[in-house]
Amino acid sequence: MQVRRSMEASSTSTTGHIYWDISYNQITGEIPYNIGFLQVATLSLQGNRLTGRILEVIGFMQALAILQLNGNKLVGRIPEELGKLEHLFELNLANNYLEGFIPHNISSCIALNKFNVHANRLSGSIPLSFRSLGSLAYLNLSENNFKGKIPIGLVHIINLDTL
């Protein structure tokens, strides 16, 4: 990924929320490894033409609350390291080419409110561990290759209003 100096998007809002937003541009290439050293609350790279894998190092961005990588051309698996993001509020990986299973430790993201993996190539079953995501309000698993039963535990997520 090449970002010109004039395009740097790291900023601080009036609330002190540090974000890095270069969404809906024509950014190409892979996500650079050193992006994992950013300590931002929002990382929004959605709607670009990014390729390659989601880097495990993103799972070490301890301040990260919003991760938006949707609408790119990302491939591979969802890294288990994302389950280490205990402050993660929104995870949007929709409209990519991700495959494999949803890591079970995503349920460790206890603040998770929105989880969207719509239109990928994910498979396996819906993790039973989702039942522990009490803050989850939006869950979009559509247009993938999931099999098996809908976990009964999903009905016990009291905040879930979109499934």
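Residues numbered from 1 in each chain as written. Predicted model: local features only at pLDDT ≥ 70, side-chain atom pairs only at ≥ 80, totals over all residues. Heavy atoms only, no water.

Caption draft 1: Region of the structure containing the overall build of the protein. When you go through the protein residue by residue, the secondary structure sums to zero helices and 13 strands. Counted from the first residue to the last, the protein has its helices and strands arranged as β-β-β-β-β-β-β-β-β-β-β-β-β. The C-alpha atoms of the protein give 15 Å as radius of gyration, which agrees with the globular expectation for 163 residues (15 Å, within 12%). For the protein, the residues scored as buried account for 48% of the 163 residues in total. When the accessible surface of the protein is totalled, it reaches about 8500 Å², and 51% of it is carbon and sulfur. Looking at the protein, you have 12 positive and 11 negative side-chain charges, and the mean spots of the two groups are 6 Å apart. (Helix = DSSP H or I, 4+ residues; strand = E, 2+ residues; numbered from the N terminus. Rg over C-alpha atoms; globule rule 2.2 N^0.38 Å. Buried < 20%, exposed > 50% of the residue type's maximum accessible area, 1.4 Å probe, protein only. Areas by Shrake-Rupley, 256 points an atom, 1.4 Å probe, with all protein chains shown as cover. Lys, Arg positive; Asp, Glu negative; His and termini not counted. Charge placed at Lys NZ, Arg CZ, Asp CG, Glu CD.)

Caption draft 2: Main features of the environment of Leu-69. By secondary structure assignment, the location of Leu-69 is in the loop between β6 (66-68) and β7 (75-76). The spatial distance from the C-alpha of Leu-69 to the C-alpha of Asn-96 is 8.5 Å, given a sequence separation of 27 residues. Dropping the residues within four chain positions of it, Leu-69 is found in contact with Ile-31, Leu-45, Gln-46, Ile-54, Leu-74, Asn-92, Leu-93 and Asn-96. (Contact = heavy atoms within 4.5 Å.)

Caption draft 3: Structural detail: the nonpolar core. One finds Phe-115 and Phe-130 to be the most contacted residues of the largest nonpolar core, which totals 41 residues. For Phe-130, the residues in contact, after removing those within four places along its chain, are Ile-102, Ile-106, Ser-107, Phe-115, Leu-139, Leu-141, Leu-154 and Ile-157. (Core = buried A, V, L, I, M, F, W, Y, C linked by side-chain atoms within 4.5 Å.)

Caption draft 4: Fine view of the pattern of salt bridges. Summed over the entire model, instances satisfying the criterion amount to one salt bridge. For the salt bridge of Glu-90 with Lys-114, the shortest nitrogen-to-oxygen distance reads 3.9 Å. Here Lys-114 lies in strand β10 (residues 114-116) and Glu-90 lies in strand β8 (residues 90-92), a separation of 24 residues in the sequence. Glu-90 gets classed as buried once you look at its relative accessible area, which sits at 11%. Taking relative accessible area as the criterion, Lys-114 reaches 25% and is therefore assigned partly exposed. (Salt bridge = Lys/Arg side-chain N within 4 Å of Asp/Glu carboxyl O.)

Caption draft 5: A look at the side chain of Asn-144. Here Asn-144 lies in the loop between β12 (138-140) and β13 (145-146). Only 3.0 Å separates the side chain of Asn-144 from the backbone oxygen of Val-117, close enough to count as a polar contact. Separated by 3.0 Å, the side chain of Asn-144 and the backbone nitrogen of Leu-122 make a polar contact. The residues contacting Asn-144, other than those within four sequence positions of it, are Val-117, His-118, Ala-119, Asn-120, Arg-121 and Leu-122. (Polar contact = N/O pair within 3.5 Å; in protein donor to acceptor, adjacent residues only side chain to side chain.)

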